[in-house]
Amino acid sequence: MLIEIKDLKKNYLLGDVEIPVIHGINLNIEKNEYVAIMGPSGSGKSTLMNILGCLDTVSSGNYYFNEMDVSTLDDDALSIMRNKEIGFIFQNFNLLPRLNAIQNVELPLVYAGTPGAERKEKALRALNRVGLSDRVNHKPAELSGGQRQRVAIARALVTNPGILLADEPTGALDSKTGVEIMRLFEELHTEGNTIILITHEQEIANYAHRNIYLKDGMIHSDKINSDKTIIF
Amino acid sequence: MQYGENVRLALQGLTDHKFRSFLTMLGIIFGVASVITMLSIGEGAKREAIAKYQDLGVNNIIIREKTLSDEELEEVRAKFSQGLSIQDAQVISEIVPGVERIASQAEKNTDVKYNDKSIKSTIVGITPDFQSMMNYKVQKGYFINDKHYNERLKVCVLGAGVAAGFFKGEDPIGKLVKIDDQWLEVVGVLESKSLFTETVGELAARDLNTDVFVPLSLFLNRFTRENVLSSEIQQITVQLKNSDKLVEASKIINEILRRHHFNNDDYSIVIPYELLKQEEKERQIYNFLLGAIAAISLLVGGIGIMNIMLATVMERTREIGIRRSVGARKIDIMSQFVTESVVISITGGIIGVLTGIVLSLIVTLFTDINTFIKPYSVFLAFSFSVIVGVSFGYLPAKNAANLKPVDSIRYE
């Protein structure tokens, strides 16, 4: 079991009032699964993603990653988790505008303490993997939306993490580019990566192999996607 | 996160926003420049003072005849004082402990003539010890020696100014100059002395380069005194073995002379080293004030950095979130921002040091204030700017590190 979540609850403090966002979720994800987590806004899917990505902590319950209890880790250990095990892909790419493509991709390796030459080599390989070897020295502003998202995917891949966490990865892209990105995800999945996709679009969720539907902070449905979209 | 990476990042940040960085640094630049300039002015004044007193000898006590009007002189003589005499010197050297050497000197203001030229000069009768006691350096020939003194030879050593006035392109050694009705052979020329521009006690400011030195034995024997009532000699210089007994020795000297001069107050005692110490003390207060002003400007510079850094952290919340999401720990973010403020302050510090050096040079060139930049003051100003960078960068950096990753990554 790669991810095991037991009775997870998350409350937010709004003034003096605790607002429950996630009401107790149990969830298991195996290695090399391709999961889409769906739900309307306010369903708690973003919160769940933050917790899965070690950006946020739980209020109660347990989160095991590779049999390790993440919910007890301190801030530094969570940072190391994000660095080694999580590859984030965001809707708005979240690239650093002042750095060029390769520098952006190198960023996780910088924090991992990887020496410069090795860093460059790994980053180039990751950029090559997403088909951007000819855009290495371009800054994000000089790249198209699809290319930017590819840089972000290369950055997520570069540390060879346990999971790729994609939050509405096609949300800011036109549909044609979106399909290209989804094809890339499919390939990455075939290569053995575990992918968790957060989306509110059924169309995007259809690319995944398993669909989890959240509603009001609880799992409403969790089923294998039988009529999966195949990209030709 | 490697340290070099932080520095590279910070430098890139600097060059990306050149004008803003410059404005941020301005406070540090002014602060450091003013520290350097003020310290260099203080140091210049100190060196000037030391040079001045070194001419008088730091182990010396100088006993000088007081300048008295004719009436006062008559009154003193009527009260039995003969003024300073060789005998006084003799007694001092016998009684005062720790005396290394003692030199008597007689003076007379008169004209020196060579061919048809004439220069107003002070003729100084001295003993051979005088040269080493007063740090006089010979430029040509040699100084008056024991043989000259013992045999009362008619020789003289010219101050640089006199030699320059008489002998243009001519070798002065061996030439005869006339003082009063005496012909003296020039045996040496002194190196130029800095102008003695400040009166120290009874030592009136004058141009030492117009002095002409002759053996004291000759002087007393061959030259008439300026005035019938004039003392035998005008100055006794007592050199002690070391400088820590100067005050005690001067008290003993004072008592001896009091008795020998029948309680007449016709001499004064100057201790150059004590005057130097006193002057130093006065200057210290002054330097402290200057330093405080400079320190305040550095402080203001530091606050300027903090202000900009706080704004920068706000502006870069998203960047911090991104860095955190790919694995930056709090300490990484912290050190990134501290490094940035240190790089700003160090760069400002370097520019400030250069500005300070230029300012000091300008001060020296365009005013008569001496400046001297000690490596120590550069080091001090520079380390101050680093300290300012670290301490004023700390709070903004801490704010940056404490941003919650989940909030900052979604910050718009």
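Conventions we followed
Residues numbered from 1 in each chain as written. Chains lettered and ligands numbered in written order. Predicted model: local features only at pLDDT ≥ 70, side-chain atom pairs only at ≥ 80, totals over all residues. Heavy atoms only, no water. pLDDT = per-residue confidence, 0-100. Helix = DSSP H or I, 4+ residues; strand = E, 2+ residues; numbered from the N terminus. Pairing = 2+ DSSP bridges. Contact = heavy atoms within 4.5 Å. Axes fitted to C-alpha atoms, helices over the stretch in contact; angles between N-to-C directions. Buried < 20%, exposed > 50% of the residue type's maximum accessible area, 1.4 Å probe, protein only. Lys, Arg positive; Asp, Glu negative; His and termini not counted. Salt bridge = Lys/Arg side-chain N within 4 Å of Asp/Glu carboxyl O. Patch = residues over 30% accessible without salt bridge, like charges linked within 9 Å, V, L, I, M, F, W, Y side chains within 5 Å. Areas by Shrake-Rupley, 256 points an atom, 1.4 Å probe, with all protein chains shown as cover.

Draft legend 1. Local environment of the confidence of the model for chain B. All names here are of chain B. When the pLDDT values of chain B are averaged, the result is 87; 97% of them are 70 or greater. Mean pLDDT values over the elements of chain B span from 80, in helix 1 (residues 3-16), up to 94, in strand 5 (residues 155-158). The complex model carries a pTM of 0.73, and its ipTM stands at 0.94.

Draft legend 2. The sheet that holds strand 1 (residues 3-14) of chain A, seen in detail. All names here are of chain A. The strand order across the open sheet built from four strands is 2-1-4-5, with neighbouring strands paired in antiparallel fashion. Every interior strand has two partners, whereas the edge strands, strand 2 (17-29) and strand 5 (68-69), have only one. Where strand 4 (residues 60-65) and strand 5 come together, two bridges link them in antiparallel fashion. Bridged to Tyr64 within strand 5 is Asp69. With respect to the sheet, helix 1 (residues 45-52) is in contact with strand 1, strand 2 and strand 4, its orientation differing from that of strand 1 by roughly 120 degrees.

Draft legend 3. Structural detail: the side chain of Lys45 of chain A. Residues and elements named next belong to chain A. By the element assignment, Lys45 lies in helix 1. It is Glu168 that comes nearest to the buried, bridge-free Lys45 among opposite-charge side chains, at 4.5 Å. Apart from the residues within four sequence positions on either side, Lys45 is in contact with Ile37, Met38, Gly39, Pro40, Glu168, Ile198, Thr199, His200 and Leu214.

Draft legend 4. Region of interest: a nonpolar patch on the surface. Residue and element names in this part refer to chain B. Taken together, the side chains of Val358, Leu359, Ile362, Leu365 and Phe366 present a nonpolar region at the surface, about 520 Å² in accessible area. The topology assignment puts Ile362 in helix 12 (residues 330-366). By relative accessible area, which is 39% here, Ile362 ends up partly exposed.

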